[in-house]
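# Breakdown of the fold
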Amino acid sequence: MSSDPIISVDRVTLQFGQFTALTDISLHIVAGERVALVGSSGAGKSTLIRLLNGTLEPTRGEVQAFGQKLHQLKPKHHRQIQRQIGTIYQQLHLVDNLRVIHNVNAGHLGHWSFLKALISLIVPLDVATATQALAQVGIPEKLYDRTDRLSGGQQQRVAIARVLVQNPMVILADEPISSLDRELSREVMEILCNCQSSRTLIVSLHDVDVALRYCDRMIGLRRGRILFDAPSTAVSSEMIADLYRL
Amino acid sequence: MSRPASRFISPSLQWGMIGLIAIALSLWQAGLFRQTVVNFNGFPLLWRFVAASVHPDLSYDLLATTLQASLVTLAYAVCGTFLSVTIGAIAGVFCSEVWWLEVLRAKRLRYFGFHSVRAILAFPRAIHELIWGLFFLNIWGLDPLVAVAAIAIPFGAITAKVFSEILDETPRQPLLALINSGVAPITAFFYTLLPQAFLNLLSYSFYRFECSIRSAAVLGIIGAGGLGYEILLSLQSLRYEQLWTFFYALLILNGGVDIASATLRNQLGCASRIDLNSHRPTKRNISNSRIFSLFPIAIAGVALSFWYIQPDLSKIGSPRSQQLLHQIVQTSLPPNFTGIAELIPLSVETVAMSVLAIAIAASGGLLLAFPAAQIFLLSGLLNRRGNANLFPLVLLVIARIVLLLCRAIPAPIWALVVLYVLFPGILPGAIGLGLHNLGILGRLFAEVIENLEQPPLKALSAGGTPNSLVFLYGVLPATMPRFLAYTLYRWEVCMRETVIVGLVGAGGLGRLLTEQLSSFDYQSLIVTLGAFLVLTFLVDWISGRVRRSLRAS
Ligand SMILES: Nc1ncnc2c1ncn2[C@@H]1O[C@H](COP(=O)(O)OP(=O)(O)OP(=O)(O)O)[C@@H](O)[C@H]1O
Ligand SMILES: [Mg+2]
């Protein structure tokens, strides 16, 4: 049962107009796996992540999540699946001019009613959960600050807190530690990896050492193709050198 | 879209030449080189009018009348703005692309849905408030309701268009991020897009209020009461001392609203309307809670205004008005096309009038905008030596007062004044329109200048560049594109406003329209209105094209 893939991508090609961003990608990820996506800039990491959460549709091929074909679902079911997939975007996509608590609370919106969401915009609800999530990422004191007044790294942590509040089965994280220092990176990676052992994590990383340390599987992307897909222990320095070769 | 010519002539130069030719042709059309246009016999009268400006009638009775009329005008504007913003907010959501595409996810329906809503809204927008006013007058009779509805409908449609543009220009990624984490699209819309767009929407609403004040004054002229009405009465009975009292009241009202609106927008950190059309993120520096504290005040103001003017809301659905509306529809069908040959020269006149008006407005506005924007130049940029020179300050005050005077006084009133010394025709109409729009454009230009990015200018200035060159290399290139964009927008408005100077006989389709409306000749009216709509859409289209090609270059 647990070896059934929670996410599977089957021979997917994805094009933006004429440009092919992903070519013939196949991969299967089972529950509880911690997968690192590595590859140089423009390799297609962010594109793959947006494919996995249903933002992008494959030009060819098929994406399944929780055993369902993502792009053939009715909107309602599609949403239900998407609620179980939390994404931390590279560009964060926070609502800049709202206060931090609202951005963190956005993680609840999947199961809040419309009315509750509106009320919460005026009088923040569920402050306790939000505070706890912010404490986990180390900025509980920023609860009522405006998001655009935070530093880049603090905003990144707000985005992480939002996903923690959403509490999905799968977390997709696109370079979640790119603007954090070494110590904070370590903490954030630990939060992402250690909350629940059953949670699946797919994280794109620039830092191969971090990938090796925290993930049990690595997928190397190069120019939209999978160059290798192997357990971290089996990844050699030649493979890495090959990956970043110009 | 690049034509061979554009390799040698930049699009701006090309359009500039076309513009000059259009102005020359319009002047010809106005009869400038063909007949005498100046009526020298009118100068004594004009002088009497001007001289009265220094001794307005300040008797107690008149001041009481003035106060009451000002309150009426203000209340019309408040109610009109409230309704137009309400209409605009609802309709604006439904004609925004983001609503159809991302919230409803209607990929195929989108073209049908949002284009049809937009097309429907184009009609109320194209028809000037005054025409709406005359139309409602025929149904509801003299009632404050007429003024409020005449403002609310066209302004509601304009607001809807601008609101939808604001929504569409707001960054969409946070919305998509939430939708793709399984949040119901409508919730996501309210949670992300509205808070992001809120300040821009609010800022535009303030601007609409400024416009409503001017519009409320114009609507007075058709008998809706308020300052415009009093002004017309005194002008017709040649009581200039009274006239100036009303002018000054209008000045104070407009100036007050403009200042309040600018201050509020500054406080909110969305200093200028220009931000709506640029993608530059605005610096916001107010907490949301302070914005929300404005709402009770606004609601109280609206309630007070409705109470003050007491519009007879029962008239909206009353059997009598329904019957009249029914009658109008019946008598306007079938359309009477017999006068159609006459429409062609009138259309040419109308366009010529709008071109002349915008030419006057833009050149005058440009001249006055720089002295009027000196707050920023004074603050140590061009004035490097820091000597306390009073001259620019005096110039600034004068320029601002002239701009305020120009925009506060309705175009038809200007046209009537100009008619003292010019023979009737499209020229006085164009000048009247031009003067009024000069005040508006000049203020918008000044705002553009004041919101210039200062660091590049400071860098130039610090490098020892003479002031004149800072102006030439720093200020002009940075401001010109926006000036042009505003001028073109305003040209569209001028085109619609030719109707209101038509009211005082300035010619063009506007005169015919108002004549047909007041003589209940609906069968011909509908044809004229059709021609006017075509003309309006044509001008919008040309202006849009020019703006796009200028933006691309
Ligand atoms: N919406 C889009 N339209 C067109 N091309 C796109 C789009 N999104 C991404 N691309 C292209 O797809 C390729 C892969 O982009 P992607 O963002 O996935 O790279 P990445 O691996 O995340 O890079 P980085 O490490 O710099 O974030 C790039 O060449 C990019 O230009
Ligand atoms: Mg990326």
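Small disclaimer: the values here were computed from a predicted structure and weren't measured.

### Considerations on the overall build of chain B
- Each helix and strand counted, chain B has 24 helices and zero strands in total.
- Classification of the 553 residues of chain B by burial places 54% in the buried group.
- A separation of at least 24 residues holds for 80% of the contacts in chain B among residues at least 6 apart in sequence.
- Carbon and sulfur atoms form 70% of the exposed surface of chain B, whose accessible area is close to 24,600 Å².

### Observations concerning the environment of Phe-246 of chain B
Residue and element names in this part refer to chain B.
- Secondary-structure assignment places Phe-246 in helix H11 (residues 240-268).
- Since its relative accessible area comes to 1%, Phe-246 is described here as buried.
- The spacing of Phe-246 and Ser-234 is 12 residues in sequence and 9.1 Å in space, taken between C-alpha atoms.
- Leaving out residues up to four positions away in the same chain, Phe-246 has contacts with Leu-62, Thr-66, Leu-227, Glu-230, Ile-231 and Ser-234.

### Details of the side chain of Gln-242 of chain B
- Following the sequence through the fold, Gln-242 of chain B ends up in helix H11.
- If near-sequence neighbours (up to four positions away) are discounted, Gln-242 of chain B is found in contact with Asp-57, Leu-62 and Ser-234 of chain B.

### Overview of the packing of aromatic side chains
All names here are of chain B.
- Inspection of the entire model under this criterion finds 22 aromatic pairs over all chains.
- Where Phe-123 meets Phe-537, the ring centres are 5.7 Å apart and the plane angle is 85°; that geometry is what we call edge-to-face. One end of the pair, Phe-123, is in helix H5 (residues 109-126); the other, Phe-537, is in helix H24 (residues 522-552), with 414 residues separating them in the sequence.
- Ring centres 6.1 Å apart and planes at 70° place the aromatic pair Phe-370 and Phe-483 in the edge-to-face group. With Phe-370 in helix H16 (residues 340-372) and Phe-483 in helix H22 (residues 467-502), this residue pair connects regions lying 113 residues apart in the sequence.
- For Phe-370, a relative accessible area of 13% puts it in the buried group.
- Judged by its relative accessible area of 2%, Phe-483 falls in the buried class.
- Grouping aromatic residues by their ring pairs yields a cluster made of Phe-49, Tyr-240, Trp-244, Phe-247, Tyr-248 and Tyr-420.
- Sitting above the plane of the Phe-155 ring, Arg-208 keeps its charged end 4.4 Å from the centroid.

### Points about the nonpolar core
- One finds Leu-109 of chain A together with Phe-49, Tyr-76, Phe-189, Tyr-191, Phe-247 and Ile-413 of chain B to be the most contacted residues of the largest nonpolar core, which totals 152 residues.
- Counting residues domain by domain, this core receives three or more from each of domain 1 (58-329) and domain 2 (356-552) of chain B.
- Leu-92, Leu-134, Ala-173 and Leu-184 of chain A belong to the second-largest nonpolar core, a separate cluster that totals 46 residues.

### Things to note about the side chain of Ser-164 of chain B
Residue and element names in this part refer to chain B.
- Locating Ser-164 in the fold gives a position in helix H7 (residues 144-169).
- Since its relative accessible area comes to 1%, Ser-164 is described here as buried.
- For Ser-164, the side chain forms a polar contact with the side chain of Arg-118, separated by 3.3 Å.
- Dropping the residues within four chain positions of it, Ser-164 is found in contact with Gly-92, Cys-95, Ser-96 and Arg-118.

### Here we look at the sheet that holds strand E8 (residues 200-204) of chain A
All names here are of chain A.
- Taking strand neighbours across the sheet as the criterion, the six strands line up as E6-E7-E8-E3-E9-E10 in an open arrangement whose pairing is mixed. Each edge of the open sheet carries a strand with a single partner, namely strand E6 (85-88) and strand E10 (225-231). Mean inter-strand twist for the sheet, computed between neighbouring axes without regard to direction, equals 15°.
- The sheet contact formed by strand E7 (residues 170-174) and E8 spans five bridges and is parallel. The residue bridging Val-170 from the neighbouring strand is Thr-200, located in E8.

### Section: the coordination of the magnesium ion (ligand 2)
All names here are of chain A.
- At the metal site, the magnesium ion (ligand 2) is ligated by Ser-46 (OG) and Gln-90 (OE1), and these contacts range over 1.9 to 2.2 Å. Pair noted here: Ser-46 is in helix H1 (residues 45-52) and Gln-90 is in the loop between E6 and helix H3 (100-105), with a separation of 44 residues, a long-range link.
- For Ser-46, a relative accessible area of 22% corresponds to the partly exposed category.

### So, the sheet that holds strand E1 (residues 5-16) of chain A
Residue and element names in this part refer to chain A.
- Taken in spatial order, the four strands make up an open sheet running E2-E1-E4-E5, and their pairing is antiparallel. A strand with exactly one partner marks an edge of an open sheet, and here the two such strands are strand E2 (19-30) and strand E5 (68-69).
- This element, H1, spans E1, E2 and strand E4 (60-65) of the sheet and lies at about 120° to E1.

### Looking at the interface of chain B and chain A
- Chain B puts 22 residues into the contact, and the matching count from chain A is 26 residues.
- Contact between chain B and chain A buries roughly 2,200 Å² in total, counting both sides, with carbon and sulfur atoms accounting for 60%.
- Taken together, the connections running from chain B to chain A amount to zero salt bridges.
- Where chain B touches chain A, the interface holds five residue pairs in polar contact (both at pLDDT 80 or more).
- Elements supplying a minimum of two residues to the side of chain B that touches chain A: helix H8 (173-179) and helix H9 (185-224) of chain B.
- Top element by residues in the side of chain B that touches chain A is H9 of chain B. It accounts for eight residues.
- Here the residues of the side of chain B that touches chain A sort into 12 nonpolar, nine polar and one charged.

### Structural notes on the environment of Cys-406 of chain B
All names here are of chain B.
- Considering the arrangement of structural elements, one finds Cys-406 in helix H18 (residues 390-408).
- Distance from Cys-406 to Ala-361, taken between C-alpha atoms, is 10.0 Å for residues 45 residues apart in sequence.
- When near neighbours in sequence (up to four residues on either side) are disregarded, Cys-406 contacts Trp-414, Leu-435, His-436, Leu-438 and Gly-439.

### Notes on H18 of chain B
- Taking 1.5 Å per residue as the helical rise, H18 of chain B with its 19 residues ought to reach 27 Å, and the 27 Å between its terminal C-alpha atoms agrees with that figure.
- Listed as buried for H18 of chain B are Pro-392, Leu-396, Ala-399, Leu-403, Leu-404, Cys-406, Arg-407 and Ala-408 of chain B.

### Comments concerning the site of ligand 1
Residues and elements named next belong to chain A.
- Among the 15 residues in the neighbourhood of ligand 1, the closest are listed as Ser-41, Gly-42, Lys-45, Ser-46 and Thr-47.
- Between ligand 1 and the protein, one listed contact pairs an oxygen atom with a side-chain N or O atom of Ser-41 at 2.6 Å.
- At 2.5 Å, a side-chain N or O of Thr-47 approaches an oxygen atom of ligand 1.
- Here ligand 1 loses 64% of its free accessible area of 630 Å² to cover by the protein chains.
- At the level of elements, E2 and H1 are the ones that each hand at least two residues to the shell around ligand 1.
- At four residues, H1 tops the list of elements feeding residues into the shell around ligand 1.
- Counted by class, the shell around ligand 1 contains four nonpolar, eight polar and three charged residues.

What counts as what
Residues numbered from 1 in each chain as written. Chains lettered and ligands numbered in written order. Predicted model: local features only at pLDDT ≥ 70, side-chain atom pairs only at ≥ 80, totals over all residues. Heavy atoms only, no water. Helix = DSSP H or I, 4+ residues; strand = E, 2+ residues; numbered from the N terminus. Buried < 20%, exposed > 50% of the residue type's maximum accessible area, 1.4 Å probe, protein only. Contact = heavy atoms within 4.5 Å. Areas by Shrake-Rupley, 256 points an atom, 1.4 Å probe, with all protein chains shown as cover. Phe/Tyr/Trp six-rings, centres within 6.5 Å; stacked < 30°, edge-to-face > 60°. Lys NZ or Arg CZ within 6 Å of the ring centre and 35° of its normal. Core = buried A, V, L, I, M, F, W, Y, C linked by side-chain atoms within 4.5 Å. Domains from an automatic or database assignment. Polar contact = N/O pair within 3.5 Å; in protein donor to acceptor, adjacent residues only side chain to side chain. Pairing = 2+ DSSP bridges. Axes fitted to C-alpha atoms, helices over the stretch in contact; angles between N-to-C directions. Donors = N, O, S within 2.8 Å, 3.2 Å for Na, K, Ca; no water. Buried area = accessible area lost by both parts, 1.4 Å probe. Salt bridge = Lys/Arg side-chain N within 4 Å of Asp/Glu carboxyl O. Nonpolar A, V, L, I, M, F, W, Y, C, P; charged D, E, K, R; others polar. Expected span 1.5 Å × (residues − 1). Near = heavy atom within 4 Å.

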